[in-house]
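Structural overview for review
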Amino acid sequence: MTRHPRTRPDGAPAGRPPRRRRLRRSLLVSTLVLLLAVGGGSAWALDRFVIDHVEIADVQAYEAAQNGTTADAAVTDAGADADATVTGTTYESDDASISISTVVTGSGDDQVTYYVADVTLSDATVLRSAFANNQFGTNITETTSAIAEDNDAVFAINGDYYGFRDTGIVIRNGVVYRDEGAREGLAFYTDGHVEVYDETATTADALVADGVWNTLSFGPALVSDGEVVDGIEDVEVDTNVGNHSIQGDQPRTAVGVVDDNHLVFVVVDGRSPGYSAGVDMTGLAEIMQSLGATTAYNIDGGGSSTMYFDGSLVNDPLGTGTERGTSDILYIGG
């Protein structure tokens, strides 16, 4: 596939973002410096939230070994489709159909801007996951765009930021990385269906045996059986430093299920009055419902909320045109 210079779907120039760890780490460091000043477990906090802890140094090789293949073969399987057709907002190949659109609602300080990727897959395993720096562990970060470029992705969104926590079930590309059930997760199955599940009621090995290809561990579920889920404004995903809750109008990323192998991905920009104020959980659920999602699930938001397509950043995180680091992405190879 030949890549061409392009503009973002909203018509603005789309330059390549720099590969740097950004706002999230600097905010954490600032918080922890304050902890140092006042005492109270600062050394523990630095180790837990800032210092990289690499558990698997070469994820591609690890996945290849688990699947009985070679790392080179795994990369080739996820790589370029020579027969693909790409425009500024669409992608068509034998593996996937992708259409990117921009939606603007409201006006003034109440304006909200969000981006929708309508995706149809030929096979559920076309949707893959990748980790920052090709490593698994905590506090390892890279921008969504950088991870996407490292994996020859044509399309990507930020994942669940698994590396901020040490709990949850993490299954990626059919391989188990973590089995510490703690919350409501989302499971993508190889037969194309996707469902919300209780991590505490199963195990990672049982999920893989049942055909799970990828999991996300964040939440909450936004839409179930086509209806907005009650109580989503009161959910707390974590109680760690800097991530006590997910309430209020914020930048958001969500995954929706229209049908087997038919997904919608939404990234809502926020914290930028006049461009996009962001949405609360109910607002995000209503967006997903309006797109025909019968199931929808919230994943990591804030400055992490990013959508990448054909070599460029689609959205404008926090209205700054730059990305902050995250630990993982969901992507489709180009």
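Everything numeric here is computed off the predicted structure, so don't read it as measured data.

Conventions and cut-offs
- Residues numbered from 1 in each chain as written.
- Predicted model: local features only at pLDDT ≥ 70, side-chain atom pairs only at ≥ 80, totals over all residues.
- Heavy atoms only, no water.
- Pairing = 2+ DSSP bridges.
- Helix = DSSP H or I, 4+ residues; strand = E, 2+ residues; numbered from the N terminus.
- Contact = heavy atoms within 4.5 Å.
- Axes fitted to C-alpha atoms, helices over the stretch in contact; angles between N-to-C directions.
- Salt bridge = Lys/Arg side-chain N within 4 Å of Asp/Glu carboxyl O.
- Buried < 20%, exposed > 50% of the residue type's maximum accessible area, 1.4 Å probe, protein only.
- Phe/Tyr/Trp six-rings, centres within 6.5 Å; stacked < 30°, edge-to-face > 60°.
- Core = buried A, V, L, I, M, F, W, Y, C linked by side-chain atoms within 4.5 Å.
- Patch = residues over 30% accessible without salt bridge, like charges linked within 9 Å, V, L, I, M, F, W, Y side chains within 5 Å.
- Areas by Shrake-Rupley, 256 points an atom, 1.4 Å probe, with all protein chains shown as cover.
- Lys, Arg positive; Asp, Glu negative; His and termini not counted.
- Charge placed at Lys NZ, Arg CZ, Asp CG, Glu CD.
- Polar contact = N/O pair within 3.5 Å; in protein donor to acceptor, adjacent residues only side chain to side chain.
- Arc of directions from axis to C-beta.
- pLDDT = per-residue confidence, 0-100.

Moving on, we come to the sheet that holds strand β5 (residues 112-121). Adjacent strands of a sheet form backbone hydrogen bonds with each other and so pair up, either parallel or antiparallel. Ordered by their spatial adjacency, nine strands build an open sheet running β2-β3-β4-β5-β17-β16-β18-β14-β15, and the pairing between neighbours is antiparallel. The strands lining the two open edges of the sheet, one partner per strand, are β2 (85-86) and β15 (227-228). The sheet contacts of helix α7 (residues 281-290) involve β5, β14 (221-224), β15, β16 (252-259), β17 (262-268) and β18 (295-299), and relative to β14 the element is tilted by about 40 degrees.

With the rule as written, the count across this model stands at three salt bridges. A salt bridge links Asp160 to Arg172, with the nearest nitrogen and oxygen atoms 3.1 Å apart. Here the residue Asp160 occupies a position in the loop between β8 (153-158) and β9 (168-172), and Arg172 occupies one in strand β9, the gap between them amounting to twelve residues. The residues Asp160 and Arg172 share a single accessibility class, namely buried.

Right, let's talk about the packing of aromatic side chains for a bit. Each aromatic ring pair is specified by the distance between its two centres and by the angle formed by the two planes. Taken as a whole and assessed by the stated rule, the structure comprises eight aromatic pairs. When the centroid spacing of 5.1 Å and the interplanar angle of 35 degrees are considered together, the rings of Phe136 and Tyr177 count as tilted. In this pair, Phe136 sits in strand β7 (residues 136-138) while Tyr177 sits in strand β10 (residues 175-180), placing the two residues 41 residues apart along the sequence. Given the relative accessible area of 1%, Phe136 is considered buried. Looking at Tyr177, the relative accessible area reads 10%, which means it is buried.

Below, the discussion takes up the nonpolar core. Ranked by size, the top nonpolar core spans 53 residues in total, and within it Phe155, Leu222, Phe265 and Ile332 carry the most contacts. For this core, the leading source of residues is β5, giving seven residues. Sequence-distant contacts of Phe155, defined by excluding residues within four places in its chain, comprise Ile98, Ile100, Ala117, Phe265, Met307, Tyr308, Phe309, Leu330, Tyr331 and Ile332.

Pro220 follows Gly219 through a cis peptide bond whose omega is 10 degrees. Structurally, Pro220 is set in the loop between β13 (212-217) and β14. If you check the backbone angles, Asp152 has positive phi at about 55 degrees while not being a glycine. Looking at the secondary structure, you find Asp152 in the loop between α5 (144-150) and β8. Accessibility expressed as a relative area gives 45% for Asp152, which makes it partly exposed.

When you tally the buried positions in strand β21 (residues 328-333), you get six out of six residues, the bulk of the element. Across five bridges, strand β6 (residues 127-131) lies against β21 in antiparallel orientation. In the sheet register, Phe131 faces β21, and the bridge partner there is Asp328. Alignment of β8 against β21, held across five bridges, turns out to be antiparallel. Across the sheet, the residue bridging to Asn158 is Ile329, located in β21.

Another point: a negative patch on the surface. Together, Asp83, Asp94, Asp95 and Asp123 line one region of the surface with negative charge. Following the sequence through the fold, Asp83 ends up in the loop between α4 (71-77) and β2.

What follows deals with the side chain of Thr306. Counting through the fold element by element, Thr306 comes out in the loop between β18 and β19 (307-309). Engagement of the side chain of Thr306 in a polar contact is seen with the side chain of Thr144, the distance being 2.6 Å.

A word on the environment of Leu121. The topology assignment puts Leu121 in strand β5. Note: C-alpha distance between Leu121 and Ser93 (28 residues apart in sequence) is 9.5 Å. Beyond its immediate chain neighbours, meaning those up to four positions away, Leu121 contacts Asp95, Ala96, Val126, Leu127, Asn261, Leu263 and Ile332.

The side chains of a regular strand alternate, residue by residue, between the two faces of the sheet. Here β9 lies mainly inside the structure; five of its five residues are buried. Where burial is concerned, the two faces of β9 agree: the one with Gly168, Val170 and Arg172 and the one with Ile169 and Ile171 are both buried. One ladder, built from five bridges, connects β9 with β10; its direction is antiparallel. Counterpart to Arg172 in the pairing with β10 is Val175. Hairpin connection between β9 and β10: a loop of two residues separates the two successive antiparallel strands, and Asn173 in this loop has a positive phi of roughly 55 degrees.

Listed in full, the buried residues belonging to helix α3 (residues 59-67) are Val59, Glu63 and Ala64. All buried residues of α3 fall inside an arc of 135 degrees around its axis, so they share one side. Downstream of α3 by one or two residues, Gly68 has phi in the positive range, about 70 degrees.

With that out of the way, let us pick up the confidence of the model for the protein. Averaged over all residues, the pLDDT of the protein equals 87, while 82% of them reach at least 70. Note that pLDDT drops below 50 for residues 1-23; the model gives that stretch 61 contacts with residues more than four away or on any other chain.

In this section: the environment of Pro317. Considering the arrangement of structural elements, one finds Pro317 in the loop between β20 (312-313) and β21. Overall, the relative accessible area of 1% leaves Pro317 in the buried class. In the structure, Pro317 is positioned twelve residues away from Ser305 in sequence and 6.6 Å away in space, judged by C-alpha atoms. When sequence neighbours within four positions are dropped, the list of residues in contact with Pro317 reads Asp269, Gly303, Ser305, Thr306, Thr322 and Glu323.

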